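# Descriptive structure summary
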Amino acid sequence: MEEKYMDSLLSLSYDLGTTGQYKEAFELNIKTLQIALNKENDNYTGIAYGYLGYDLLEQGDTIEAIKKFKLAHKYALLADDPKLIAHTYSDLATVYYNRPKMKSLSRLYTDKAVKTFKDVKDTLALQHLYYNYAYALGANHEYEEMKTVLDDLNGAMFIDYTNHIYRAIIDNLSAEYHLHHENYRMADSLLLSVIELSKKTRLSGELEIAYEAYSKSLAAQGIHEKAFEYRLKYEKVRNLNLKEKNAITKNRIAATFQINEFKKNLERSEVENVLQEKKIYNKTLFNYALTALSIIALLGFYFNFNLSRNRKQLNRALKEKNKLYLEEKTKAEKLARVKSDFFSTVSHELRTPLYGVIGLSNILLDNNKDPSVTEDLNSLKFSADYLLALINDVLQINKIDSNKIDDEQIDFNLDQLIHKIVSTFEYMRRQNKNEIETHLPPDLPELIHGNATRLSQILMNLIGNASKFTENGVIHISVVIKNVRENKITLGFSIKDNGEGIAISKQNQIFEEFEQGDSLSYNYQGTGLGLPIVKRLLTLSNSHIHLDTQVGKGSNFTFDLEYDKVAFDPLNNHASQKPLLLETSILHGKHILIAEDNRINQMVTKKILEKDGVICTVVENGRDAVAASKVGGYDLILMDVNMPIMSGIDATKIIRLNCNIPIIALTAVEIEEMRQSILDSGMNDIIIKPYDVNAFKRVIIKNILDYQKTTSYLEN
């Protein structure tokens, strides 16, 4: 009964693995191994270890895969099953094929596998082994030995076992051999045969290989027009295959962290199996001791002593395992910290060059006088902005996981906030030929109090998602008042589109990290993090996202959030909530010191400011900034935080000893990580790179005006 059950588990895991469901396949293989170990079934233990070896090989963990293949071979020998032994030889040969230092070992295991498969007359397994070996020889350019193996594959031994896929694979490898020897006629014949067969049987992988090889063959023969035709066919098939491979790769990446947990469970199971065997052994000794005690007291006493000693050994072993567990837990926590630090570093390293790209694209758009390139420049800027959004998505997930998400509560105007967000999607709206309509209730309060940043992130992700998957359609952004009590108001938000809709099978997956819905358009794909971010942010706000969708008719995402009502003060009019008007004339003739070590960023910042008549002086490190500030005459300093020789923070501390000139921090690092250090150093404000040009100028103007007011007050 157990063997039939284990067979069904292994069969299901194989099917799951071939469709890219690695986590589920790995879990089933561990379950099979645990049953086999408990039943002391060496045959199925060996088979399960072999399956786990291929799971780990698929995840790129070659070292652990080799360990599992060796364990599979060990249990195959214990089971004394020649066919299983042959398969373990084949597995070890396969894993060593592409390791240059292990070629001799690979050949040894290959020879053993060939001999054993022939002895047990397993022709199908022998054919698979020969194919793997021929493929590895071709990859290592060992064509003459590869030809010998291909001749065997084309021989009488396998004539009854060659199906469509094996025929295509073998012919592609044979064509590779003939191309290497410039035997174009034979190579072309084989490749055309593969192309015809692959089209009929939908072998997209072999069709891609054949198209590329045939294009190269034609080019080598000087038949360039036809070579170009087949190159285009290759590119088309390659793009389709690449999309499928990317989906499988994302499944593999998404499964990696869960598989690591399963690996720990596997290690614990193996340890528990050893401990269980010890417990059984100790229990047997204890029973013998009790029996002997009734016969001879002295003998019983001896066995009791022996049992006590074994128990102490077992306790020591358990303590050691517990110690190892705590060490592994510490390592896992350290790894989480390293991951968080890694994302912070990546943030800085990616945002710094993006600052140059976004800044230069803005400058080129402002200075452009050639209408023919305007669309190209808009596309460049959109691509850079989109890349920045993807980076921010990944960092947002990391901040939520690390409990670093902020909960800053402010007064804000919801109407202004929504219209500002909608304006950021203008390029995407025009590109996909959509309309965006907003519907707000007339009795909506002028101001509400809550986390405006979090609401902005939720709306931008949902509106962005609707914009991606809707073409020639309408996106409705609606707000309704759900409940009003005392000083609280509950608002219902809805983002509705008439786009592609989402299939039932995908409706739960799209809220998981790195998962996307199926799209008929491949123009926008992204990280698959937008909806998971929305779900987590709403969870932090004690709310939930609801989805109503139908394929071909569109989707409607809804959620509720509660805010504090803010009494409107006509005297104050909450001026602090309104953005400062962009009076760039204030900048004319102002002298600004730019401390920045990146040459491209220097140029971008300088060009942006000089356009409004600013006189710019550039220095490359904090030490030079300190020296320049002593000369005087500057209206403001733009200080990069991370610079060689002396950082912006250290430079500011020195400047503040003798000077109160406004200093604004420029940083590509997440602001939460640096805010306190920046403000403690004496800087007046912070700008995160890449920045919006108008917002950048607005911050500079505000600080110059504030400084002028303070100086005027002190003089009077």
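Residues numbered from 1 in each chain as written. Predicted model: local features only at pLDDT ≥ 70, side-chain atom pairs only at ≥ 80, totals over all residues. Heavy atoms only, no water.

### Considerations on the overall build of the protein
A tally of helices and strands in the protein yields 23 helices and 12 strands. Per-residue burial for the protein yields a buried fraction of 43% across its 716 residues. Within the protein, contacts between residues at least 6 apart in sequence are counted, and of these 66% link residues at least 24 apart. Here the protein displays about 39,300 Å² of accessible surface, and carbon together with sulfur accounts for 54% of that area. (Helix = DSSP H or I, 4+ residues; strand = E, 2+ residues; numbered from the N terminus. Buried < 20%, exposed > 50% of the residue type's maximum accessible area, 1.4 Å probe, protein only. Contact = heavy atoms within 4.5 Å. Areas by Shrake-Rupley, 256 points an atom, 1.4 Å probe, with all protein chains shown as cover.)

### Describing the confidence of the model for the protein
In the predicted model, the protein carries a mean pLDDT of 79, and the fraction of residues at 70 or more is 78%. Every residue in residues 573-580 is under pLDDT 50, and counting partners more than four places away or in other chains gives 13 contacts. (pLDDT = per-residue confidence, 0-100.)

### Some thoughts on helix H8 (residues 143-153)
Within the sequence span of H8, burial applies to Tyr143, Met146, Val149, Leu150 and Leu153. Along the axis of H8, the buried positions cluster into a sector of 115°, meaning they face one direction only. The inward-facing, buried residues of H8 abut helix H7 (123-139) and helix H9 (164-180). (Arc of directions from axis to C-beta.)

### Comments concerning the environment of Thr558
Its location among the elements puts Thr558 in strand S7 (residues 554-565). Looking at Thr558, the relative accessible area reads 26%, which means it is partly exposed. Taking the C-alpha atoms as reference, Thr558 lies 4.5 Å from Ser494; in sequence the two are 64 residues apart. When neighbours within four sequence positions are excluded, Thr558 is seen to be in contact with Phe493, Ser494, His544, Ile545 and His546.

### Concerning the nonpolar core
Among the nonpolar cores identified, the biggest contains 47 residues, and Phe117, Leu126, Leu129, Tyr130, Met146 and Leu150 are the most heavily contacted of them. Broken down by secondary-structure element, the contributors of at least two residues to this core are helix H2 (22-38), helix H3 (42-58), helix H4 (62-79), helix H5 (82-96), helix H6 (103-120), H7, H8 and H9. In terms of residues, this core owes the most to one element, H7, which gives nine residues. Aside from chain neighbours lying at most four places away, what touches Tyr130 is Val114, Lys118, Val149, Asp152, Leu153 and Phe158. (Core = buried A, V, L, I, M, F, W, Y, C linked by side-chain atoms within 4.5 Å.)

### So, the pattern of salt bridges
Overall, the coordinates contain 22 salt bridges when judged by the stated rule. Measuring nitrogen to oxygen at the nearest pair gives 2.9 Å for the salt bridge that ties Asp171 to Arg167. Of this pair, Asp171 and Arg167 both sit in helix H9, four residues apart, which is roughly one turn of that helix. (Salt bridge = Lys/Arg side-chain N within 4 Å of Asp/Glu carboxyl O.)

### Looking at the packing of helix H10 (residues 184-201) against helix H11 (residues 204-220)
One way to put it is that H10 packs onto H11 with a least axis distance of 9 Å and a crossing angle of 150°. The orientation of H10 with respect to H11, classified from their angle, is roughly antiparallel. In terms of crossing hand, the pair formed by H10 and H11 is left-handed. Facing Tyr184, Asp188, Leu191, Leu192, Val194, Ile195, Ser198 and Lys199 of H10, the residues of H11 in contact are Glu206, Leu207, Ala210, Tyr211, Ala213, Tyr214, Ser217 and Ala220. (Axes fitted to C-alpha atoms, helices over the stretch in contact; angles between N-to-C directions. Parallel < 35°, antiparallel > 145°, perpendicular 65-115°, else oblique. Left-handed = near helix turned anticlockwise from the far one by under 90°.)

### Focus on the pairing of S7
Sheet topology note: the strand S3 (residues 448-450)/S7 ladder contains two bridges and is antiparallel. Across the sheet, the residue bridging to Ile448 is Lys565, located in S7. Summarising the sheet, strand S5 (residues 488-497) and S7 pair through 10 bridges and their orientation is antiparallel. Of the residues in S7, the one forming a bridge with Gly492 is Asp560. Judged from the five bridges that link them, strand S6 (residues 546-550) and S7 form a sheet pairing that is antiparallel. Bridge pairing links Thr549 to Ser555 in S7. Taking the residues that link successive antiparallel strands as the turn, the S6-S7 hairpin has three residues, and the phi of Gly552 there is positive, at about 85°. (Pairing = 2+ DSSP bridges.)

### Thoughts on the sheet that holds strand S9 (residues 615-619)
What the five strands build is an open sheet, ordered S9-S8-S10-S11-S12; its pairing is parallel. What marks the edges here is a single partner per strand, and that holds for S9 and strand S12 (685-688). The sheet shows a mean angle of 20° between the axes of neighbouring strands, taken without regard to direction. Both strand S11 (residues 663-667) and S12 contribute to a ladder of four bridges, which runs parallel. Looking across to S12, one finds that Thr667 is bridged to Ile688. Sheet strands in contact with helix H19 (residues 599-610) are strand S8 (591-595), S9 and strand S10 (636-640), and its direction is about 165° off that of S9. Contacting S10 and S11, helix H21 (residues 648-655) crosses the sheet at an angle of about 150° to S10.

### Considering the packing of H9 against H11
Across the interface, H9 lies against H11 with an axial gap of 10 Å and an inter-helix angle of 20°. By the criterion of interaxial angle, the relationship of H9 to H11 is roughly parallel. The interaxial crossing formed by H9 with H11 has left-handed handedness. Each of Ala168, Ile169, Asn172 and Leu179 in H9 lies in contact with H11, whose residues at this interface are Glu206, Ile209, Ala210, Ala213 and Ser217. Of the residues in the contact of H9 with H11, the class split is six nonpolar, two polar and one charged. (Nonpolar A, V, L, I, M, F, W, Y, C, P; charged D, E, K, R; others polar.)

### Re a nonpolar patch on the surface
Nonpolar side chains collect at one region of the surface, where Val357, Leu364 and Leu380 lie side by side and expose about 230 Å² of accessible area between them. In this structure, Leu380 sits in helix H14 (residues 374-401). Since its relative accessible area comes to 37%, Leu380 is described here as partly exposed. (Patch = residues over 30% accessible without salt bridge, like charges linked within 9 Å, V, L, I, M, F, W, Y side chains within 5 Å.)

### What to know about the packing of aromatic side chains
If you walk through the whole model with that rule in mind, you get seven aromatic pairs. On the basis of an interplanar angle of 55° and a centroid distance of 5.8 Å, the ring pair of Tyr211 and Tyr230 is categorised as tilted. Residue Tyr211 is located in helix H11, and its partner Tyr230 is located in helix H12 (residues 224-295); the two are separated by 19 residues in the primary sequence. The class for Tyr230 is buried, based on a relative accessible area of 12%. (Phe/Tyr/Trp six-rings, centres within 6.5 Å; stacked < 30°, edge-to-face > 60°.)

### Quick look at the side chain of Asp612
Structurally, Asp612 can be placed in the loop between H19 and S9. Overall, the relative accessible area of 14% leaves Asp612 in the buried class. Apart from the residues within four sequence positions on either side, Asp612 is in contact with Thr584, Leu587, His588 and Lys697.

### Here's the deal with the side chain of Ser467
Summarising the element assignment, Ser467 is placed in helix H17 (residues 452-468). Polar contacts involving the side chain of Ser467 include one to the main-chain carbonyl oxygen of Ile463, which spans 2.9 Å. Apart from the residues lying within four places of it in its own chain, the contact partners of Ser467 are Phe425, Met428, Asn432, Asn434 and Ile475. (Polar contact = N/O pair within 3.5 Å; in protein donor to acceptor, adjacent residues only side chain to side chain.)

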